[in-house]
Amino acid sequence: MTDADTLTAARPSSDIDPFSRENVLAPYAWHQSLHDAGPLVWMTKYDVWGTARYDIAKQVLDDWETYGSGAGVGLANFHTEKPWRPPSKLLEADPPEHTPRRGVADGVMAHSRLREFRPIFAEQAKLLVDDLLAKGDIDGMEDVAKPYILKVFPDAVGLGPDGREQLLDYGNMVFNGFGPLNDTFAASTAAADAVVDYVMGCCDRDRLDPNGLGEQAYKAADEGIVSNEEALFIVRSMLSAGLDTTVYAIGNVLSCFADHPDEWEKLRADPSKARNAVEEVLRYDSPFQSFFRTTTRDVELAGQHIPAKTKIMMSLGAANRDPAFWEKPDVFDIDRNAAAHLGFGFGVHHCMGQAMARLELQALVTEMAKRIERIEITGPAVRAVNNTLHGFETLPLRVVAA
Ligand code: OVV
């Protein structure tokens, strides 16, 4: 063997493109090959490291000092590439700047503060299920996921009623923007200017309902904890991360249960299982598929030497099915303890909206479990093409009343 061969042998590599159309549509086969290639794999298509392993992903997420977010949490390396939008002051920032902003966001989105939404979401879920049962034949995205989330979440933040569907267009761009500037990204940014204008307008304090969550961020600015600009960016983060993610999650919930009628039966027998069922969907079919960190110094990881300023891709969707961590990872089982999934990330940047997402999802799943006997697939489901999110474009279903 030549020296070059020895080097190649010592460094697992893969030419997988995680962001190709085929691969975002059907991730589980390439997850397997990335997993099998090694704990940490050099991805030749993009010159970044990648991992499909639960323990490595968690180790990276847990160490913000070594694996930073300030150079972006997508493929773009802000050391050398210009971000496509002004970076998030939460997600794409590191301590110490990140810390007070995150403190404010956590206060606004704290479970204890959000509990007041539980009856409101339950009422919306009830109205929605009335409508679904009246129709019978429905589309899981157009009739369930989108109308529910576009009602409950912008209401909670304090947005007006008009133009809300543009929030989904914005999220689509944001989540494509964590991948390469490929055709998928380009297609989603075709009408970017109008959509960005709409979303930035929504972040304006004067336009937010004084009783909503957005205003709470500005109250922290009044107290001097963050600046007004930081408050505006906290609202932008809510509107960036809070829509498409939960819309896709609801679609994945519906498809999981349509595909696994026995699990639906288990849930119907005990709707209090809704809580864990939601976690299991987020593990089994994670809406949030991947994230990056960038090394802040030279470091050894999984036996590899990685220089500073290098990107590492964590395939969260793969980690959530890593057989080294999960028993029978490819089995959808609402009774398993799924709480340790990485679908909300981990560490200082773990999802700030997770209490909100859980309340939204649990309210809907509980209402459906009480009143819907069966969810059947009635036509070809079409997966959505997005560089980061995994969900459906269309999901034709029939719901049968209990
Ligand atoms: C987790 C996440 C996704 C998308 C956008 C943001 C955060 C943000 O902070 O803007």
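The preceding data block contains the structure.
Residues numbered from 1 in each chain as written. Predicted model: local features only at pLDDT ≥ 70, side-chain atom pairs only at ≥ 80, totals over all residues. Heavy atoms only, no water.

A. Just the pairing of strand 6 (residues 290–295), in detail. Burial analysis of strand 6 places six of its six residues in the buried class, the great majority of the element. Along strand 6, one buried face is formed by Ser-290, Phe-292 and Thr-294 and the opposite face, lined by Phe-291, Arg-293 and Thr-295, is buried too. As judged from the two bridges shared by strand 4 (residues 67–68) and strand 6, these two strands associate in the antiparallel manner. When the sheet's bridge partners are listed, Gly-68 is paired in strand 6 with Thr-294. Pairing of strand 6 with strand 9 (residues 311–315) involves five bridges; the strand directions are antiparallel. (Buried < 20%, exposed > 50% of the residue type's maximum accessible area, 1.4 Å probe, protein only. Helix = DSSP H or I, 4+ residues; strand = E, 2+ residues; numbered from the N terminus. Pairing = 2+ DSSP bridges.)

B. Spatial organisation of the nonpolar core. Counting residues in hydrophobic clusters, the biggest one holds 111 residues, and the most contacted among them are Tyr-148 and Ile-375. What Tyr-148 contacts, discounting residues up to four positions off in sequence, is Phe-121, Gln-124, Ala-125, Leu-128, Ile-250, Glu-360, Ala-363 and Leu-364. Judged by nonpolar contacts, the second largest core, of twelve residues, contains Phe-19, Trp-30, Val-48 and Ala-52. (Core = buried A, V, L, I, M, F, W, Y, C linked by side-chain atoms within 4.5 Å. Contact = heavy atoms within 4.5 Å.)

C. Region of interest: the packing of aromatic side chains. Under the definition given, this model contains 15 aromatic pairs. Look at Phe-19 and Tyr-46: their rings are 5.7 Å apart centre to centre, the planes differ by 70°, and that puts the pair in the edge-to-face class. A residue pair is termed long-range when its members are at least 10 positions apart, and Phe-19 in the loop between strand 1 (13–14) and helix 2 (21–25) and Tyr-46 in the loop between strand 2 (41–43) and strand 3 (48–51) qualify at 27 residues. Ring plane angle 80° and centroid distance 5.4 Å describe the contact between Phe-175 and Phe-288, whose orientation is recorded as edge-to-face. Highlighted residues: Phe-175 in helix 9 (residues 165–176) and Phe-288 in the loop between helix 16 (274–284) and strand 6, separated in sequence by 113 residues. (Phe/Tyr/Trp six-rings, centres within 6.5 Å; stacked < 30°, edge-to-face > 60°.)

D. Structural context of the pattern of salt bridges. Counted under the stated rule, the structure contains 27 salt bridges. With its nearest N and O atoms 3.2 Å apart, the salt bridge here joins Lys-273 to Asp-335. Here Lys-273 is found in the loop between helix 15 (261–269) and helix 16, whereas its partner Asp-335 is found in the loop between helix 17 (316–319) and helix 18 (354–371), with 62 residues between them in sequence. The class of Lys-273 is partly exposed, set by a relative accessible area of 23%. Given a relative accessible area of 43%, Asp-335 falls into the partly exposed group. (Salt bridge = Lys/Arg side-chain N within 4 Å of Asp/Glu carboxyl O.)

E. Representation of the environment of Gln-166 in the model. Structurally, Gln-166 can be placed in helix 9. Note: C-alpha distance between Gln-166 and Tyr-198 (32 residues apart in sequence) is 7.4 Å. Apart from residues no more than four positions distant in its own chain, Gln-166 is found in contact with Ala-194, Val-195 and Tyr-198.

F. Layout of the side chain of Ser-69. Here Ser-69 shows up in the loop between strand 4 and helix 5 (98–108). Assessed through its relative accessible area of 1%, Ser-69 is described here as buried. At 3.3 Å, the side chain of Ser-69 and the side chain of Arg-293 are in polar contact. (Polar contact = N/O pair within 3.5 Å; in protein donor to acceptor, adjacent residues only side chain to side chain.)

G. Looking closely at helix 8 (residues 140–157). Its 18 residues place the ends of helix 8 24 Å apart at the C-alpha level, agreeing with the 26 Å of an ideal helix rising 1.5 Å per residue. At Lys-146, helix 8 shows its largest kink, close to 30°, and the proline Pro-147 lies no more than four residues downstream. Most of helix 8 sits out of view: 13 of its 18 residues are buried. The N-cap of helix 8, judged by a side-chain oxygen 2.9 Å from the amide nitrogen of Met-141 a few residues on, is Asp-139. At the C-terminal side of helix 8, Gly-158 shows a positive phi close to 105°. (Expected span 1.5 Å × (residues − 1). Bend = angle between axes of the 7 residues up to and from the residue.)

H. Here's a closer look at the site of the ligand. Around the ligand, the surrounding shell consists of Arg-85, Ser-88, Leu-91, Val-174, Phe-175, Phe-178, Ser-237, Ser-240 and Ala-241. A distance of 2.8 Å separates an oxygen atom of the ligand from a polar side-chain atom of Arg-85. For the ligand, whose free accessible area comes to 290 Å², the fraction covered by protein is 89%. For the shell around the ligand, the secondary-structure elements that each account for two or more residues are helix 9 and helix 13 (228–241). Of the residues forming the shell around the ligand, the biggest block, three residues, is contributed by helix 13. The class makeup of the residues in the shell around the ligand is five nonpolar, three polar and one charged. (Near = heavy atom within 4 Å. Areas by Shrake-Rupley, 256 points an atom, 1.4 Å probe, with all protein chains shown as cover. Nonpolar A, V, L, I, M, F, W, Y, C, P; charged D, E, K, R; others polar.)

I. Main features of the packing of helix 15 against helix 18. Closest axis-to-axis distance for the helix 15/helix 18 pair is 8 Å, and the angle between their directions is 90°. By the angle between their axes, helix 15 is roughly perpendicular relative to helix 18. Of the residues in helix 18, those in contact with Trp-264, Leu-267 and Arg-268 of helix 15 are Val-365, Met-368, Ala-369, Lys-370 and Arg-371. Considered class by class, the residues forming the contact of helix 15 with helix 18 number five nonpolar, no polar and three charged. (Axes fitted to C-alpha atoms, helices over the stretch in contact; angles between N-to-C directions. Parallel < 35°, antiparallel > 145°, perpendicular 65-115°, else oblique.)

J. Broad picture of the sheet that holds strand 9. The six strands lie next to each other as 1-2-3-9-6-4, forming an open sheet whose pairing is mixed. The open sheet has two edge strands, strand 1 and strand 4, and neither has a second partner. With two bridges connecting them, strand 1 and strand 2 associate as parallel partners. Within strand 2, the residue paired with Ser-13 across the bridge is Trp-42.

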